[in-house]
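Summary of the model geometry
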Amino acid sequence: LLLSAGLLLESFRRLLGQDLGYQHGSVVALDIESWGFDTNGEVCRMYRSLRERLAALPGVEAVGTVSSAPLTGKWTFDEKAQVLGQMVPEAERPVLAATFVAFDYFQALGIALREGRYFRDSELDDDGYGQRVIVNEAAARVLFPGRSAIGGRFTVGSNPDRILEVVGVVKDTRDVRLEEPPVPRFYWQYAFGGAQVVVRSTVPAQVILPRLREVAGQTHPRIRIQDARPMTEIVSATVAQRRFLTAMLAGYAAVALGVALVGVFGVVAHQVADRTREFGIRMALGSTSWGMLRLVLSQSCGVVLCGLVFGSVISLATGRLLARQLYSVSPHDPALLIGACILVLGGALVATAVPARRAARVDPMVALRE
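Residues numbered from 1 in each chain as written. Predicted model: local features only at pLDDT ≥ 70, side-chain atom pairs only at ≥ 80, totals over all residues. Heavy atoms only, no water.

1. What about the overall build of the protein?
So the rule is basically this: Secondary structure follows DSSP: runs of H or I at least 4 residues long count as helices, runs of E at least 2 residues long count as strands, and numbering of each begins at the N terminus. The globule rule used for comparison is 2.2 Å times the number of residues to the exponent 0.38, while the radius of gyration itself is calculated over C-alpha atoms. Only protein chains enter the calculation, and the probe is 1.4 Å; a residue is then buried if its accessible area is under 20% of its type maximum, exposed if over 50%, and partly exposed in between. The contact criterion used is simple: two residues touch if any of their non-hydrogen atoms lie within 4.5 Å. The protein chains shown are the only cover counted for residues, whose accessible areas, like all others here, come from Shrake-Rupley with a 1.4 Å probe. In summary, the charge assignment counts Lys and Arg as positive and Asp and Glu as negative, without counting His or the chain termini. A charged residue contributes its charge at one atom only: NZ of Lys, CZ of Arg, CG of Asp or CD of Glu.
The helix and strand tally for the protein stands at 11 helices and 11 strands. In terms of overall dimensions, the protein is more spread out than a globule: its C-alpha atoms have a radius of gyration of 32 Å, far above the 21 Å expected for 370 residues. When its C-alpha atoms are laid out on the principal axes, the protein stretches across 105 × 50 × 30 Å. Within the protein, buried positions represent 45% of all 370 residues. In the protein, the proportion of contacts linking residues at least 24 apart, taken out of those at least 6 apart, comes to 81%. For the protein, the computed accessible surface area is about 18700 Å², with 58% contributed by carbon and sulfur atoms. Charge separation in the protein, taken as the distance between the mean sites of 39 positive and 34 negative side-chain charges, equals 9 Å.

Here you go:
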């Protein structure tokens, strides 16, 4: 149990400590629902107005829209890409995840620019997709290996006339699950109904959320916020199952360790009481207090070491059962196994110390009279 809890704790620590590619602190994601708009141009103008109003709030640093904020899984789709000048069969074309973004999305999430530039607001087309795209590092490596992706052109889908030009390369991000590596992705500049709005602010989320809802309601009567959550809460929700399993096993391990140590203490104390006459005779024949202490500790530790051997063998089997729940850690991690053994051995020594001291203080005359 200790090893299993240690594996899950270490896995949980590494999962949350990895680089997500974006800075989710101080960011709020708003899920916008809109209805009654006749054209996408009207929708786009609504988002422009909403963006201006939100950006004017005190403490707001950046506002952007996205088809699906990271880890929300609202709406995603894939496209097969064909680099211009390369004749590749459709079955062998690389698959790119596609995301629609607009305004200051990258700045709001703190996604670093690796090469080129971000989108400009003047390039946003009210009535359709833009012709300029931004790709992540994984997509740049897949589409344009060994050379700069800036200025590269490719097509997606079945429309060879829709040529997209790369104007920027951004850092890879984990958008689907924290456990999954970043996938090749390209970002299309497009604002449409049902997008999510991300807002970076220096004001705490619980303070600014009511204000964001109020501003959204004042912007247009045909929009409302379905959901509004801090990105930290969204990230935390993705590991809720892992957190519960880790806490449960850690609790079981703590209880099991406590029961084991109480058992060790009780058994050793009973043995010392039963062997009082033996200890008295040993002391009368010249044994020292340190010798008696060492005798009790060595005999108890021998039993504990046998338990550790059996427990280690069993833990190799239970570790394999947890393999699917682990991230970036081996189910047979030697450091964690050694740490669990040291913890059990150290606890057993502490539990044995009290009755062992009692054995070392036996008065030989009293023991012989009994």
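Next comes the rest of the write-up.
2. Re the packing of aromatic side chains
Quick note on the threshold: Two rings belonging to Phe, Tyr or Trp (six-membered ring only in the last case) form a pair when the distance between their centres is within 6.5 Å. Interplanar angles under 30 degrees mark stacking, angles over 60 mark edge-to-face geometry, and anything in between is tilted.
The full count for this structure, using the stated rule, is 12 aromatic pairs. Geometrically, the ring pair formed by Tyr105 and Phe106 is edge-to-face, given 5.4 Å between the ring centres and 70° between the ring planes. Phe106 shares its class with Tyr105; the two are buried. With a centroid separation of 5.9 Å and 85° between ring planes, the pair formed by Phe154 and Phe186 is classed as edge-to-face. One end of the pair, Phe154, is in strand 7 (residues 153-156); the other, Phe186, is in strand 9 (residues 185-189), with 32 residues separating them in the sequence.

3. Overview of the pattern of salt bridges
Applicable threshold: Throughout this description, the term salt bridge denotes a Lys or Arg side-chain nitrogen within 4 Å of a carboxyl oxygen of Asp or Glu.
Under the definition given, this model contains 20 salt bridges. Put simply, Arg141 and Asp172 hold a salt bridge, and the shortest N to O gap is 3.5 Å. One end of the pair, Arg141, is in helix 4 (residues 137-143); the other, Asp172, is in the loop between strand 8 (163-170) and strand 9, with 31 residues separating them in the sequence. We classify Asp172 as buried; its relative accessible area is 14%. One salt bridge connects Glu214 with Arg211, and the closest N-O pair in it is separated by 3.2 Å.

4. A closer look at the packing of helix 2 (residues 40-55) against helix 5 (residues 205-219)
This is how it is decided: For helices, the axis comes from a line fit to the C-alpha atoms of the stretch in contact; other axes are also lines fit to C-alpha atoms, and the angle between any two N-to-C directions lies between 0 and 180 degrees. A crossing counts as left-handed when the near helix is turned anticlockwise from the far one by less than a right angle, and as right-handed when that turn is clockwise. Classes in brief: Ala, Val, Leu, Ile, Met, Phe, Trp, Tyr, Cys and Pro nonpolar; Asp, Glu, Lys and Arg charged; the others, Gly included, polar.
Contact geometry of helix 2 with helix 5 gives a least axis separation of 10 Å together with a crossing angle of 140°. Every pair of crossing elements has a handedness; the one defined by helix 2 and helix 5 is right-handed. Contact residues: Met46, Ser49, Leu50, Arg53 and Leu54 in helix 2; Leu212, Val215, Ala216, Gln218 and Thr219 in helix 5. Residues belonging to the contact of helix 2 with helix 5 are distributed by class as follows: six nonpolar, three polar and one charged.

5. Topic: helix 7 (residues 240-274)
What counts, and what does not: To estimate the expected span of a helix, count its residues, drop one, and scale the result by 1.5 Å.
Across its 35 residues, helix 7 extends 51 Å between first and last C-alpha, which sits within 8% of the 51 Å expected from 1.5 Å per residue. The set of residues buried in helix 7 consists of Arg242, Thr246, Leu249, Ala253, Leu257, Val268, Ala269 and Val272.

6. Quick notes on unusual backbone geometry
For Leu71, which is not glycine, the phi torsion reads 70° and is therefore positive. Along the chain, Leu71 falls in the loop between strand 2 (60-66) and strand 3 (77-83). Even without a glycine there, the phi angle at Phe103 is positive, about 60°. Relative to the helices and strands, Phe103 is located in strand 4 (residues 95-103).

7. A short note on the nonpolar core
Selection rule: In plain words, nonpolar cores are sets of buried Ala, Val, Leu, Ile, Met, Phe, Trp, Tyr and Cys residues tied together by side-chain atoms within 4.5 Å.
Core analysis: the biggest nonpolar cluster contains 51 residues, and Leu30, Tyr47, Leu54, Phe154, Phe186, Val197 and Leu212 have the highest contact counts within it. Excluding anything up to four places from it in sequence, Leu30 contacts Leu54, Ala195, Gln196, Val197, Val199, Leu209, Leu212, Ile225, Asp227 and Ala228.

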